[in-house]
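Tertiary structure, described
If you want the building blocks of each chain, they are given just below.
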Amino acid sequence: MAKKICPDDRWSWVEVDLSALRRNTTAFKRSLARGVRMMCVVKAGAYGHGAVRCVNAMHTAGADQFAVATVEEGLELRRAGVQWPILILSQPPIESVQTLVENDIMPCVYEPDFALALGEAAAAAGRVAKYHLIVDTGMTRIGVMPADAVELRRTIDFHRGIECAGTLTHFATADVPDDWDFALQLNRFRNTVSALRDAGLNPGLVHCDNTPGTVLHPECQFDMCRVGIGLYGLQPAETTVGVIDLEPVMSVRGRVTRVVYPEVGAGVGYGMTYRVPKRNVQIATVPIGYADGLSRTLSNNMDVIVNGQRQRQVGNICMDQFMFAVDVNTTRTYCPTPEVREGDVVTVIGADGDERITADEMARLRGTINYEVVCGFGMRLPKVYV
Ligand SMILES: *Cc1c(COP(=O)(O)O)cnc(C)c1O
């Protein structure tokens, strides 16, 4: 099956299962309270899955709005004809206001100078630019401090070129059950929204839940949820496992470009960190490297799946290729390991037969989280949508 979908010009690819993506999106949409909107987070090229194709699939499955991280990511969607609301989850450089207005891309705002520049650019174009007010309720990343939110709105609201379409905050510990810091952030957010309303200021759409928040804290869905990692079928934390069922969307595969039976003692790869220990060991090469998101820290410490069986990656992972070893044990008659051949499909992430390597397994080996694993594979590998 996987053999047919290989790109013609490169024997390695990211496989994106759009029907799984749609099912995950629908599962989240159904989990929201009635009337709550769903903002699908497609920053970093939809977490490595390719933003444009994912946005269109998510929209058919119930997405209302989309969030990106940078102006460039917003432009990519607009250029591809995406017409639904797009929010940038940061306040971009002030020099970008014209581009935001021309392309109807909403920024987050926390500084008056930026808001007024946005208003000027919009007014000059005869438009009204929408923005979302972002509040730093405790993550200490970006946003206006809760005590300054009303004042900020009062400073900028006179401008007829801007309109506050939303008010948001972001949780640092939404995945931790019964967490005091989470409760504190939520409390500060509620109070800020109330203060805005008491001052006669319309907060627009109120939103704060990310994936773990949406799953574990349905009581703070407010008007909208911002769902990211879950849409791609990955659990944001141990604590959400079993609460919502999700299907992984990304597989990473390559095809064997060469196979040899080296002599005993032959070194493999830069630094020769692996040496062939005995006879009847095949060394096979796959054109995926650290420039494709396969971290070099995994060298000599990860498996791949070939013909339904796990094999050990060996030698240092190169920029564009890696090698793996196959112990072709000809004496084991019950379950002999077949020889690997040029062109065989190698699975780095995903399922092959009864075996599966998850982004979580790779994240554990790397000492990171599944988010970073899938983002990395989005860097250079061609994407194949199935
Ligand atoms: C990335 C991000 C999200 C989505 O987070 P997930 O954990 O992937 O759901 C939501 N809101 C903000 C502000 C973000 O930066």
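Each chain has its residues counted from 1, following the order in which its sequence is written. Totals for whole chains, interfaces and linings use every residue, but because this is a predicted model, local features are given only for residues with pLDDT of at least 70 and side-chain atom pairs only at 80 or more, for both listing and counting. With hydrogens and water stripped out, all remaining heavy atoms of the structure feed into the side-chain values.

1. Notes on the site of the ligand
Residues in contact with the ligand amount to 13 residues; listed here are only the nearest, Lys 43, Tyr 47, Thr 211, Ile 229 and Tyr 371. Each polar contact in these results corresponds to two N or O atoms within 3.5 Å; when the atoms are within protein, one needs to be able to donate a hydrogen and the other to accept it, and residues that are neighboring in sequence are counted only if both atoms are side-chain atoms. A distance of 3.3 Å separates an oxygen atom of the ligand from a polar side-chain atom of Arg 141. Site definitions follow a grid-based scheme: protein atoms alone, a 1 Å grid, a 1.4 Å probe that fits but cannot get out for cavities, and for pockets an open set with protein on both sides within 12 Å along at least five of seven lines, plus lining residues having an atom within 4 Å of a point. More than half of a molecule's atoms lying within 2 Å of a cavity's or pocket's grid points is what places that molecule inside it. Among the cavities detected, the one that contains the ligand is the largest pocket. Elements supplying a minimum of two residues to the shell around the ligand: helix H2 (43-48) and helix H9 (211-216). Throughout this document, a residue counts as near a molecule or strand when at least one of its heavy atoms sits within 4 Å of that molecule or strand. Where helices and strands are cited, they refer to DSSP runs of H or I of at least four residues and of E of at least two residues respectively, numbered from the N terminus.

2. Let's talk about the nonpolar core
Grouped together as the largest cluster of nonpolar side chains are 99 residues, with contacts concentrated most on Met 58, Leu 294, Phe 322, Phe 324, Val 348 and Phe 377. Segment limits for the domains were obtained from an automatic or database-derived domain assignment. When residues are assigned to domains, this core turns out to be shared by domain 1 (18-238) and domain 2 (250-385), each giving three or more. Residue types Ala, Val, Leu, Ile, Met, Phe, Trp, Tyr and Cys, when buried and joined through side-chain atoms within 4.5 Å, form a set referred to as a nonpolar core. Burial classes: relative accessible area under 20% of the type maximum marks a residue as buried, over 50% as exposed, and values in between as partly exposed (1.4 Å probe, protein chains only).

3. Let's talk about the domain arrangement of the protein
By the assigned domains, the protein splits into domain 1 (18-238) and domain 2 (250-385). A contact between two residues is defined here by any heavy atoms of the two lying within 4.5 Å. Each side of the interface is counted separately: domain 1 has eleven residues, and domain 2 has ten residues. Joining two parts hides part of their accessible area as seen by a 1.4 Å probe, and the buried area is that hidden amount summed over both. Carbon and sulfur atoms make up 67% of the surface buried where domain 1 meets domain 2, a total of about 1,000 Å² over both sides. Whenever Lys or Arg places a side-chain nitrogen within 4 Å of a carboxyl oxygen from Asp or Glu, that contact is recorded as a salt bridge. Between the two partners, domain 1 and domain 2, sit zero salt bridges.

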